[in-house]
Every structure is written in structure tokens, then in C-alpha cells.
Amino acid sequence: FERSEMGGSSSSEVTVPPWLEPEGNHSPETVQAIKDLSKTSRTFLNPHPSFKKFTLGLDDDQATALATACMEHDPRLAGWFPKLVPKRIQEDAFWSNYFSHVEYLIGVEMGEIKPIDDAVGPVPTRDPPNPNPSASPAPAPSRGTPPLHPGMGRRPSNGSVGRGVSGSEQKLNQKPMLELTFHARPFGIELVRQEGASVYPVVHSVERKTRERGLTPGHLLVRVNQEPVVSRPISDLLRHLKSAPLPMTLTFHLPTPDSPGPRTLPNSTAAPFANRQPAAVPVRRPTPPAGSSSSRYPNDKDSHAKGYDMKAPRPGDVVGLNGGASNAYAEPSGAFGGAGAMRPGGVVPYHQAGKWFEVHLPKQPTLSQSHIRSPVRWGIIGCGSVARTSAAPAMATARGSEVENVMRRDRTLARAFGNQFQCKVATSALDLIHDPHVSAVYIATPAGPRPHLAMLACKAGKPCLLESPIARSYHEARALKDAFAAAKVPLIASQPRRSHPRILAARQVLANPQLIGTITSANYTLARSDCLPNKVGSGLKGWRQDVAMSGGGLFMEYGWRALELIEFLLGPLTRANGDAARRAGWPKGSVETSVVMTLRAGGVGGGAANGVVYGEGGIPGVASFNFSASCPEDMLRIEGTMGRLELSLFGDEPPVLITAQGMRVSYPFASPKILHGPMIQRVVDFLHGCPTPDELVNSAERAVRTAGIVDAALRNFYRARDDHFWKRKHTWL
């Protein structure tokens with residue numbers, strides 16, 4: 001039938017489910033009986049017993065439109081589709097079985113089919129019982145295919161096909177949502193636009209201001225101003241986000257890896273909607289039911305002759321460019337790709353790429369609140385931005401942890417910090433360390449005074465958590481570690497990103513040789529503009545440019561942390577060498593602004609470290625740090641014999657695995673709202689006696705090894721690093 005918009009007429013036909021067709025004039029009982037079919041999986045797994053073989057004589061467009069319309073008008077049906085197809089039944093059989101039950105109910109109402117007892121759902125009746133029992137009943141229809149009823153063969157016009165709901169929409173309403181209201185553009189959000197899949201847009205990256213509001217990569221955009229996103233084309237959605245009046249409320253949901261998703265691999269392109277032109281995204285259409293025939297969906301008898309694979313894809317299959325399925329990822333064959341591999345350039349989240357790409361984060365041992373007798377009461381020395389925005393909030397919110405005392409030389413600033421966290425304040429480090437209520441000390445001062453303050457905590461017998469770098473040189477770090485070991489007092493080096501899910505996921509990928517193969521090399525590039533002449537605050541002022549306070553330039557902060565993460569991913573760094581320089585225009589005696597290093601992870605002779613498999617001679621690598629760069633970059637690229645892993649060490653972008661055939665699989669694990677949150681909880685559990693991995697117990701030894709690698713990179717620039725080199729600036733390069 002023809003449907004008009006806004007009172008006008010339309011010449012195009014719109015497909016609707018058969019039970020909603022006015023031409024059929026079905027009774028309310030029949031309509032309800034058809035809707036009740038989707039209450040049980042029996043409807044989709046078994047055909048109705050009235051038909052030996054049920055087929056629909058529709059072409060692919062008609063069958064697709066009909067199946068899509070049914071899923072739009074019946075949310076339960078849309079929920080069964082991803083649960084059953086293709087795990088328990090092929091897609092064509094799914095629709096054939098369903099429509100056999102629909103046809104039965106409509107045929108019974110029309111008097112064309114004789115009711116039977118084992119029908120699914122109530123048997124509707126349209127006419128009252130025959131008042132003349134002696135009259136012969138109407139002849140029963142044949143056991144073949146009955147004639148189609150109105151509405152089951154409509155051809156849609158272009159653009160009239162609705163979307164196919166993946167079954168997760170109704171589940172979203174039962175899970176917590178994140179609503180953000182924006183009053184200005186840009187929103188600072190980058191979306192992954194996925195082609196050929198009925199899924200929500202995925203947040204690929206988030207700028208810092210928006211991330212602080214709780215939004216992280218991996219969230220799904222589900223509503224805009226309370227309107228579902230899946231109810232409108234993606235191109236219209238992006239235009240709306242760029243031009244609609246403000247304020248605008250966006251609703252997000254963070255799916256779990258088990259959330260239902262499309263079984264076909266989408267071809268997606270990441271594009272910030274505030275800066276790029278939107279592109280139309282085709283709606284995924286279900287495969288036509290059995291009996292349909294077209295050049296794109298050939299019959300079984302000629303499928304092999306034409307090169308098609310009519311088998312329904314299984315979990316982990318890659319849908320090829322011709323619509324067929326490739327089992328390249330279904331079995332651990334050790335080789336990727338094939339004729340059916342996805343086009344290069346697309347990005348797909350790992351939980352939609354199949355079981356072959358799944359990762360399982362290790363479960364960390366922890367203590368329940370009932371096992372904690374008294375909390376760890378922290379004393380914080382150094383109330384800078386790191387402590388104020390990350391470490392202290394994590395200590396205040398961690399289970400079994402409290403902020404007891406904070407120290408800062410400026411009493412006014414110390415009181416402001418204390419008022420924020422409802423704790424005591426001090427202006428002397430000795431007063432804080434010897435506070436009987438303080439059970440552990442956290443030091444977040446510049447690197448220069450850290451060893452001296454940590455030694456005071458060691459003499460007081462209190463565990464110490466040190467921000468990285470723990471010292472200005474290898475010799476200071478070694479002396480500090482040996483002192484704590486002799487006193488049998490825990491010394492823990494802070495590296496919060498090691499506990500982040502995205503870093504743990506990258507480590508799991510690298511530890512799976514069937515995903516990336518044998519690791520052959522690593523390359524890391526960090527480019528920042530901190531030391532450019534036109535950069536605000538890029539002068540020679542500040543403690544980070546004072547070697548006596550920092551031990552070097554910005555490389556001491558960023559390089560140290562990056563090297564620790566690289567070692568965490570690849571294994572212990574056994575060899576390092578490097579060179580450093582300062583940019584033109586800075587006087588002699590200034591710190592370095594660029595460092596280039598050669599590294600080697602693992603041992604000689606091949607083997608495995610941290611689960612990572614490497615070849616003869618270990619894993620060679622190159623690291624470049626440039627703090628006078630005009631184009632920022634933060635990217636670690638780890639090459640393997642079967643793929644490459646790309647990872648940002650200081651950002652929140654999800655790691656991306658690139659296979660040899662160009663397939664891009666991302667691991668969008670959400671970053672914690674508080675940078676130090678997961679690490680602080682692990683440290684608190686460790687201090688309560690909970691068993692922890694060796695990497696936390698041996699963090700001080702790891703920090704000493706990192707200090708030696710940093711010294712190897714800066715030794716030529718400072719001429720030596722085993723003395724008070726910060727006092728002899730005239731000898732520096």
C-alpha cells in the first residue's frame with residue numbers, strides 16, 4: 001500500500017510486516033498471535049508442521065525489505081536474530097521457519113489452512129464456528145507452499161528499507177548510560193563510522209576535556225537529545241551533530257566484550273564529525289530467506305560454479321567483498337587473510353572481529369572490605385598537579401585507603417589541598433613522615449629531592465611510593481633501592497599506566513603468537529612542541545629544565561615512563577645506546593631537547609619474555625624523543641611476522657592490530673577516570689598483604705634498570721652520569 005508523508009501522497013511503496021497490512025484486515029487476535037511467536041526460539045529453529053518445505057517466492061530486495069520490516073516492528077525478533085544466527089541455524093532457515101508460522105496463522109484466520117494442535121501460540125479464528133455441523137468442511141490445503149497474503153511481497157522504493165536492529169537496543173535500556181550535555185563546539189569526540197553493520201557509532205578517541213567528564217574510547221553513541229541513533233542514517237546524524245542548535249545532549253553506553261554485535265565485519269573509517277564531511281553509510285540487510293534467487297544470491301546448485309559460498313558465516317568468519325564467508329580467522333591456521341579478507345583501512349573492534357581476536361585481561365588478586373582491618377593512611381609529600389588531580393583522588397577513593405596528611409612548604413597552598421581532601425597539612429617533610437597516624441608515604445616532588453625524602457621514610461620504617469623517575473641517575477637509584485632492601489621496607493616505583501586495561505590488552509595481543517607471530521622489531525616516536533620558541537612556557541624556566549631538580553630535560557619524565565612501558569610490553573631491556581642534543585638558540589649548559597636511542601629487548605639466542613616470542617638476538621628497537629617538534633606524535637609500532645601492533649603510550653586511543661592483509665582490529669578498552677586509580681588499588685592491596693604479581697614487588701629493581709638505560713642515552717651529552725654532573729654545566733655538550 002502507499003503511505004503519504006505529512007498529508008501528501010507518495011508514489012513509492014513501503015514494506016511493512018504482513019500482520020500490519022490494512023488490506024489483510026487481520027483481527028487483533030491474529031496480530032497478537034503473530035507477535036507472540038517471537039517469545040520462543042522454537043519459532044525460528046523449527047518450521048511449522050503444516051508445511052513440508054516452506055519457501056518465499058520473492059527476489060532479494062523484496063525478501064530483505066520484508067525481513068527488515070519485521071525486525072523493526074518486533075524488538076523480540078530483532079533480539080533473537082544475533083543470538084541464533086549463525087550459531088544454531090543459518091540465516092535463510094531462520095527466516096523460512098519464522099514465516100512458515102506467520103503464514104500458518106494468517107492462513108487459519110483466512111480459512112485456507114486447517115488448524116492443528118501443535119501450532120506455536122494460540123490459533124486465531126476469524127469466522128464463528130460453522131452452525132451446520134453436517135456441512136462438509138472446506139478442503140484442507142496442500143502440504144506445499146500456500147499463496148502469499150497481502151504485504152509479504154512488497155518491493156520497497158530506494159531509501160525505504162528500514163534498519164536491522166542488532167538486538168542490543170532493548171538491552172541498552174537496562175544498563176547505565178553516560179549523558180553529556182555540550183554547550184559549545186567542537187565536542188572533542190572522534191567516531192568510527194562502520195559501514196555495512198547495524199551497530200551504534202563507536203567512540204574512537206576523546207580529547208582531554210571531554211575525557212575528564214567520563215567519556216572514553218570504546219563507548220557507543222546511542223542517543224542524541226534522547227532520540228535513538230539507529231533510527232536515522234549516519235550521514236544525517238553527523239550533519240546534525242555539526243549544525244544542530246546547542247545545547248545538545250549525547251547519551252553513551254560502554255559495551256562489554258560479550259555484548260551482541262553484527263556477525264559481519266564492518267568497513268569503518270574514523271572521522272571526527274566536527275571536522276570532516278559525513279559520508280552515507282549503507283544499512284546492513286539480512287540475507288534473503290530460502291527460495292530467493294538473484295545474481296547476488298545464487299541458488300545452491302550453481303553456487304560452486306559461480307564461486308560463491310552459500311554457507312552462513314560462523315563466529316570469527318570474515319565476510320568477503322562478494323558477500324561470501326572466509327574461514328581465515330575461524331581456525332588457528334597460523335596464516336591470515338585470503339580472498340575473503342576485509343578491505344584494508346577499515347577498523348573493527350575486537351569483539352566484533354570474532355573469537356580469534358579476543359583477549360582476556362588477567363584478573364588481579366584483591367581484598368574485600370571485610371578483610372581490611374585498618375586502612376592505609378597516606379602521607380603525601382609534594383602537592384603538585386599529579387598529586388592533586390590523580391594520585392590523591394585515587395588514594396581517597398581506593399578500598400582500604402585514606403589520605404591522612406599532606407606536606408607543602410607554602411602553608412596557604414597546603415591548606416587548600418587539605419581542605420579538598422579533608423586531611424591534615426604540614427610544611428615539613430619530617431613532621432609528616434613521623435606522624436604516628438601516617439602508615440605509608442607517597443613522594444611526588446621533583447626528582448632531585450626524592451632520594452633524600454625517601455631515605456627519611458626508610459629510616460622511619462614506612463613503605464614508600466615514589467613517582468617516576470625515582471632519582472636523577474642510576475647511582476642514586478641503586479643506592480636508594482639497596483637501602484630499602486637492607487631495611488626490609490617496601491619501595492614501590494609508580495607507573496600507573498601499567499595497570500590500564502588498554503596496556504594490558506596490548507600485552508595480551510603481543511603474548512599471542514597466533515595473532516602477531518614472532519616479534520621482529522619495535523619503533524617508538526614521541527614528538528612534542530614543549531621546547532619550541534613560540535610555545536607558551538617553553539623557556540628555560542621551571543624545575544623540569546633545571547638538571548639539579550630533574551636530572552635532565554623532559555626526556556627524564558617522558559622517556560623514563562615510555563621505556564618502562566616498552567619493557568613491560570616486550571620484556572627486560574638488555575642493551576641500550578643513544579645520543580642527545582639541544583635545539584639551536586639555547587645556550588651551552590641547557591638541557592637536551594631531543595634524544596635518539598637504539599634498544600634491545602629479550603636475550604640472545606631467541607626465546608620468550610613476558611609471553612612475547614622473539615628470535616635470535618632479541619628484539620631490536622629504535623626510540624626517538626623530540627620536544628622541539630612542530631607535528632606531535634606518540635606511537636609505538638611493534639612488528640611481528642604476522643602483523644603489527646600500533647599503540648599510543650601517553651594517550652587513550654585503543655591499540656590497533658594490523659594484519660598482513662591490512663585488516664585493522666582495535667581493542668577499545670576504557671581508560672580509568674583517574675590515571676592512578678588501578679595502580680593505587682593494587683598498591684593498597686599489596687600493603688594489606690594481598691599476593692601481587694612480581695612486577696609490583698620488583699618495581700624498584702625495574703626502576704633501577706630503567707635509570708641505567710636513561711644514563712646510557714644521556715651519557716655522551718652530559719659527559720658522565722656517575723657524579724654530580726648538574727654542578728658542571730661547562731662540560732656538557
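Structure: see above.
Now for a description of the structure that goes with this document. The structure presented is a predicted model; accordingly, all values stated were derived computationally and were not measured.

1. As for the overall build of the protein chain
Okay, step 1: In terms of helices and strands, the protein chain carries 21 helices and 26 strands.
Okay, step 2: For the protein chain, the residues scored as buried account for 53% of the 733 residues in total.
Okay, step 3: When contacts within the protein chain are restricted to residue pairs at least 6 apart in sequence, those whose partners lie at least 24 apart make up 72%.
Okay, step 4: Put simply, the protein chain shows about 32,500 Å² of open surface, and 51% of that area lies on carbon and sulfur atoms.

2. Quick word on the pattern of salt bridges
Okay, step 1: Tallying each qualifying case throughout the model produces 21 salt bridges.
Okay, step 2: Of the charged contacts, one joins glutamate 404 and lysine 424 as a salt bridge, the two residues approaching to 3.3 Å between their closest N and O atoms. Remark: lysine 424 occurs in strand β13 (residues 424-426) and glutamate 404 occurs in strand β12 (residues 401-407); sequence separation between them is 20 residues.
Okay, step 3: Three or more residues joined by partner-sharing salt bridges are found here, namely Glu633, Arg637, Glu639, Arg644, Glu646 and Arg664.

3. Considering the side chain of serine 590
Okay, step 1: Residue position: serine 590 is located in the loop between β18 (573-581) and β19 (594-601).
Okay, step 2: One polar contact links the side chain of serine 590 to the main-chain carbonyl oxygen of proline 587, over a distance of 2.7 Å.

4. Details of the sheet that holds strand β15 (residues 464-466)
Okay, step 1: Strand order in the open sheet made by the 6 strands is β13-β12-β11-β14-β15-β16, with parallel pairing throughout. A strand with exactly one partner marks an edge of an open sheet, and here the two such strands are β13 and β16 (491-493). Here the average twist between neighbouring strands, direction ignored, is 25 degrees.
Okay, step 2: Across 4 bridges, strand β11 (residues 376-381) lies against strand β14 (residues 440-443) in parallel orientation. Bridged to isoleucine 381 within β14 is isoleucine 443.
Okay, step 3: Lying on the sheet, helix α10 (residues 385-397) is in contact with β11, β12, β14 and β15; it crosses β12 at an angle near 145 degrees.

5. Here's the deal with the pairing of strand β22 (residues 619-626)
Okay, step 1: Residues Ile619, Gly621, Ala623 and Phe625 of β22 are buried on one face, while the alternating residues Pro620, Val622, Ser624 and Asn626, pointing to the opposite face, are not.
Okay, step 2: Of the strand pairs in this sheet, β19 and β22 are connected by 8 bridges, and their pairing is antiparallel. Looking at the pairing, valine 595 lines up with phenylalanine 625 of β22.

6. Thoughts on helix α15 (residues 501-510)
Okay, step 1: Across the 10 residues that make up α15, a large majority, 7, are buried.
Okay, step 2: Of the positions making up α15, those classed as buried are Arg502, Ile503, Leu504, Ala505, Ala506, Val509 and Leu510.

7. Some remarks on the packing of aromatic side chains
Okay, step 1: Under the criterion given, the structure shown has 19 aromatic pairs.
Okay, step 2: The interplanar angle of 40 degrees and the centroid separation of 6.3 Å between the aromatic rings of phenylalanine 44 and tryptophan 80 together place this pair among those described as tilted. Linking phenylalanine 44 in helix α2 (residues 42-45) with tryptophan 80 in helix α4 (residues 75-84), this pair joins segments that are 36 residues apart in sequence.
Okay, step 3: Given a relative accessible area of 21%, tryptophan 80 falls into the partly exposed group.
Okay, step 4: Ring geometry for tyrosine 350 and tyrosine 667: centres 5.1 Å apart, planes at 15 degrees, overall stacked. In this pair, tyrosine 350 sits in the loop between β10 (347-349) and β11 while tyrosine 667 sits in the loop between β26 (664-666) and α19 (677-687), placing the two residues 317 residues apart along the sequence.
Okay, step 5: Classification of tyrosine 350 by relative accessible area gives buried; the value is 3%.
Okay, step 6: Site record: aromatic cluster; members linked through ring pairs are Phe44, Trp80, Phe94, Trp95, Tyr98 and Phe99.

8. Things to note about the packing of α10 against helix α11 (residues 411-421)
Okay, step 1: Following both chains from N to C, one finds α10 and α11 inclined at 40 degrees, their axes separated by 11 Å at the closest point. Comparing the axis directions of α10 and α11 gives the class oblique. α10 and α11 meet at a crossing whose hand is right-handed. Seen from α10, the contacting residues are Ala387, Arg388, Ala392, Pro393 and Ala396; seen from α11, they are Phe417, Gln420 and Phe421.
Okay, step 2: In the contact of α10 with α11, the residues fall into 6 nonpolar, 1 polar and 1 charged.

9. Structural notes on the nonpolar core
Okay, step 1: Core analysis: the largest hydrophobic core is formed by 91 residues, its most contacted members being Phe555, Leu570, Met597, Phe625 and Tyr667.
Okay, step 2: By residue number, the principal contributor to this core is helix α18 (residues 555-570), which donates 11 residues.
Okay, step 3: Once you skip the residues sitting within four places of it in the chain, methionine 597 turns out to touch Phe555, Leu563, Ala576, Asn577, Gly578, Gly621, Val622, Ala623, Phe625, Ile709 and Ala713.
Okay, step 4: One finds Val376, Ala387, Ala392 and Val403 within the second-largest nonpolar core, a separate group that totals 26 residues.

10. Observations regarding the packing of α15 against α18
Okay, step 1: Look at α15 against α18: their axes get within 9 Å of each other, and the N-to-C directions meet at 40 degrees. Judged by the angle between their axes, α15 and α18 are oblique. Touching Ile503, Leu504, Ala506, Arg507 and Leu510 of α15 are Leu565, Phe568, Leu569 and Leu570, all from α18.

11. Description of unusual backbone geometry
Okay, step 1: Residue proline 186 is reached from arginine 185 by a cis peptide bond, and omega for that bond is 0 degrees.
Okay, step 2: Structurally, proline 186 is set in the loop between β1 (178-182) and β2 (189-195).
Okay, step 3: In this structure, asparagine 225 is a non-glycine residue whose phi angle is positive, near 50 degrees.
Okay, step 4: If you trace the backbone, asparagine 225 turns up in the loop between β4 (220-224) and β5 (227-228).

12. So, the pairing of β11
In summary, the side chains of a regular strand alternate between the two faces of the sheet.
Okay, step 1: Burial of β11 is extensive: 5 of the 6 residues sit out of reach of the surface.
Okay, step 2: Bridging between β11 and β12 involves 6 bridges; their strand directions are parallel. Across the sheet, residue isoleucine 380 finds its bridge partner in β12, namely valine 406.
Okay, step 3: Assessed by its sense of winding, the connection that carries the chain from β11 through α10 to β12 is right-handed.

13. Overview of the side chain of arginine 472
Okay, step 1: Structurally, arginine 472 can be placed in the loop between β15 and α14 (474-487).
Okay, step 2: From its side chain, arginine 472 meets the backbone oxygen of alanine 548 in a polar contact 2.8 Å long.
Okay, step 3: Here arginine 472 is in contact with Ala447, Gly448, Val547, Ala548, Ser550, Gly551, Met556, Asp711, Arg721, Phe725 and Trp726, once residues within four sequence places are set aside.

Rules used throughout
- Residues numbered from 1 in each chain as written.
- Predicted model: local features only at pLDDT ≥ 70, side-chain atom pairs only at ≥ 80, totals over all residues.
- Heavy atoms only, no water.
- Helix = DSSP H or I, 4+ residues; strand = E, 2+ residues; numbered from the N terminus.
- Buried < 20%, exposed > 50% of the residue type's maximum accessible area, 1.4 Å probe, protein only.
- Contact = heavy atoms within 4.5 Å.
- Areas by Shrake-Rupley, 256 points an atom, 1.4 Å probe, with all protein chains shown as cover.
- Salt bridge = Lys/Arg side-chain N within 4 Å of Asp/Glu carboxyl O.
- Polar contact = N/O pair within 3.5 Å; in protein donor to acceptor, adjacent residues only side chain to side chain.
- Pairing = 2+ DSSP bridges.
- Axes fitted to C-alpha atoms, helices over the stretch in contact; angles between N-to-C directions.
- Phe/Tyr/Trp six-rings, centres within 6.5 Å; stacked < 30°, edge-to-face > 60°.
- Parallel < 35°, antiparallel > 145°, perpendicular 65-115°, else oblique.
- Left-handed = near helix turned anticlockwise from the far one by under 90°.
- Nonpolar A, V, L, I, M, F, W, Y, C, P; charged D, E, K, R; others polar.
- Core = buried A, V, L, I, M, F, W, Y, C linked by side-chain atoms within 4.5 Å.
- Right-handed = clockwise from strand over helix to strand, strands pointing away.

By themselves these figures say nothing about function.
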